[in-house]
Structure formats: structure tokens, C-alpha cells
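So the chains spell out like this:
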Amino acid sequence: MPSPQIRRLTERHHYPVLSDVTLGRYASLQEHLVLFFSEDPERFPESNDVAMVLPELIKAYAGRLQAALVERSAQQRLQSRFGFNQWPALVFLRRGEYLGAITQIQNWEDYLREIDRLLNAEPVAAPSFPIPVVADSRPRDSVETPYE
């Protein structure tokens, strides 16, 4: 169940809640969209802080930026799509294309500076999670291959 601060975003501010199924269509219709990934506010209490700041950020950008929440059940799947590694996260999109992410709670000035940068940036590929590569240190003649 969402916290009162997060519930307020849908009840008072009427931010939509998007799933991994509904996100693409909705995001493609928005010039600039910020997605709020809260995860579990009990595990990540900063999510409640971001929930309090988000409406103020939307107000500061006076119609230039729309907000939506990501459905709890879709957050893990979409996290891997957008490549952020800390919770909570704000992911910025232009017509559905990735601009960047801001994680954890930030100072107001840092939010404004980074959001200005993101809204003026060109879309980029979302970062991917690195997959560690481990080299096989055995000598070549001791490695069996299925083709020999």
C-alpha cells in the first residue's frame, strides 16, 4: 500500500499511475514527462520526501513538465529498462525517449539545475546494468572446448 505522501500524488494532484503496458503510449503523448519510481517507502523513506517535492517541481516548470507514478508491480521491470541503480528515482522522458534520471532526494537548486539540463538535452539510450566479465585465467591448452 502506498504511503499517504504518495497517495496524495494521485488523489490530490491526479498524477496517473502507469504500468509497463500503459507507459509507452502515455509517454509518447507528453512533451516532457517525469516518472516517479518510489519502490517501497518503508524500505526507502526518501520516497516520501521526493513525493513531497515532486508537485513543487511540476509547479516550478509551469506546464513544461508532466508527472506520472510507476505502478509498484512494474517498477523492478522498468528499473532495468531505464538503468538507474538507486531508489527513489525520477526518470525524465521526451515523447517517450529517455533523457536521464535523478535518484534519491536532492537539494532544490540541484533539482532545478539537473532538470534544466535534462529538458534541454537530446534523448539518449538509457544506461544498462553492467554485466561483469570474468576472464578465464587458465592456460589456453588446459581449457577444453566442445569443438576439439
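Our structure's up above, just so we're on the same page.
Note that the coordinates shown come from a computational prediction; the quantities given were computed from them, not determined experimentally. (Residues numbered from 1 in each chain as written. Predicted model: local features only at pLDDT ≥ 70, side-chain atom pairs only at ≥ 80, totals over all residues. Heavy atoms only, no water.)

Digging into the sheet that holds strand E3 (residues 66-70)
No. 1: Pairing is mixed across the open sheet formed by five strands, whose spatial order is E1-E3-E2-E4-E5. Edge positions in the sheet fall to strand E1 (17-18) and strand E5 (97-103), since each of these pairs with one other strand and no more.
No. 2: The pairing of strand E2 (residues 32-37) with strand E4 (residues 89-94) spans six bridges and is antiparallel. Across the sheet, residue Leu33 finds its bridge partner in E4, namely Leu93.
No. 3: Sheet strands in contact with helix H4 (residues 75-82) are E2, E3, E4 and E5, and its direction is about 125° off that of E2. (Pairing = 2+ DSSP bridges. Helix = DSSP H or I, 4+ residues; strand = E, 2+ residues; numbered from the N terminus. Contact = heavy atoms within 4.5 Å. Axes fitted to C-alpha atoms, helices over the stretch in contact; angles between N-to-C directions.)

Some details on the pattern of salt bridges
No. 1: Under the defined criterion, the tally for this structure stands at seven salt bridges.
No. 2: The salt bridge partner of Arg95 is Glu31, with a shortest N-O separation of 2.5 Å. Residue Arg95 is located in the loop between E4 and E5, and its partner Glu31 is located in the loop between helix H2 (23-28) and E2; the two are separated by 64 residues in the primary sequence.
No. 3: In this structure, the salt-bridge partner of Arg113 is Asp110, at a minimum N-O distance of 2.3 Å. With Arg113 and Asp110 both in helix H5 (residues 108-119), this residue pair falls three residues apart, about one helical turn. (Salt bridge = Lys/Arg side-chain N within 4 Å of Asp/Glu carboxyl O.)

What to know about the nonpolar core
Inside soluble globular proteins, nonpolar side chains tend to come together where they are buried.
No. 1: Within the largest apolar cluster, 23 residues are counted, with the highest numbers of intra-cluster contacts made by Phe36, Leu54, Leu90, Phe92 and Ile115.
No. 2: Breaking this core down by element, the ones donating at least two residues are helix H1 (4-11), E2, helix H3 (46-60), E3, E4, E5 and H5.
No. 3: Residues within four places of Leu54 in sequence aside, it is in contact with Leu9, Tyr15, Val34, Phe36, Ala67 and Leu90.
No. 4: Within the second largest apolar cluster, 17 residues are counted, among which are Leu23, Val70, Phe84 and Leu93. (Core = buried A, V, L, I, M, F, W, Y, C linked by side-chain atoms within 4.5 Å. Buried < 20%, exposed > 50% of the residue type's maximum accessible area, 1.4 Å probe, protein only.)

Concerning the packing of aromatic side chains
No. 1: A complete count under the given rule lists six aromatic pairs for this structure.
No. 2: The interplanar angle of 75° and the centroid separation of 6.2 Å between the aromatic rings of Phe37 and Phe82 together place this pair among those described as edge-to-face. On the criterion of sequence distance, the pair formed by Phe37 in strand E2 and Phe82 in helix H4 is long-range, its members being 45 residues apart.
No. 3: Here Phe37 and Phe84 contribute two aromatic rings whose centre-to-centre distance is 4.8 Å and whose plane-to-plane angle is 65°, an arrangement assigned as edge-to-face. Taken together, the positions of Phe37 in strand E2 and Phe84 in the loop between H4 and E4 put the pair 47 residues apart, joining distant regions of the chain. Take Phe37 and Phe84: they sit in the same class, and that class is buried.
No. 4: Taken together, the ring pairs connect Phe37, Phe44, Phe82, Phe84, Trp87 and Tyr98 into an aromatic cluster. (Phe/Tyr/Trp six-rings, centres within 6.5 Å; stacked < 30°, edge-to-face > 60°.)

Here's the deal with H4
No. 1: Within H4, burial applies to Gln75, Leu78, Gln79 and Phe82. One side of H4 holds all its buried residues, which, seen down the axis, span an arc of 115°.
No. 2: Where H4 is buried, its residues touch H2, E2, E3, E4 and E5.
No. 3: Positive phi shows up at Gly83, right after H4, with a value of about 65°. (Arc of directions from axis to C-beta.)

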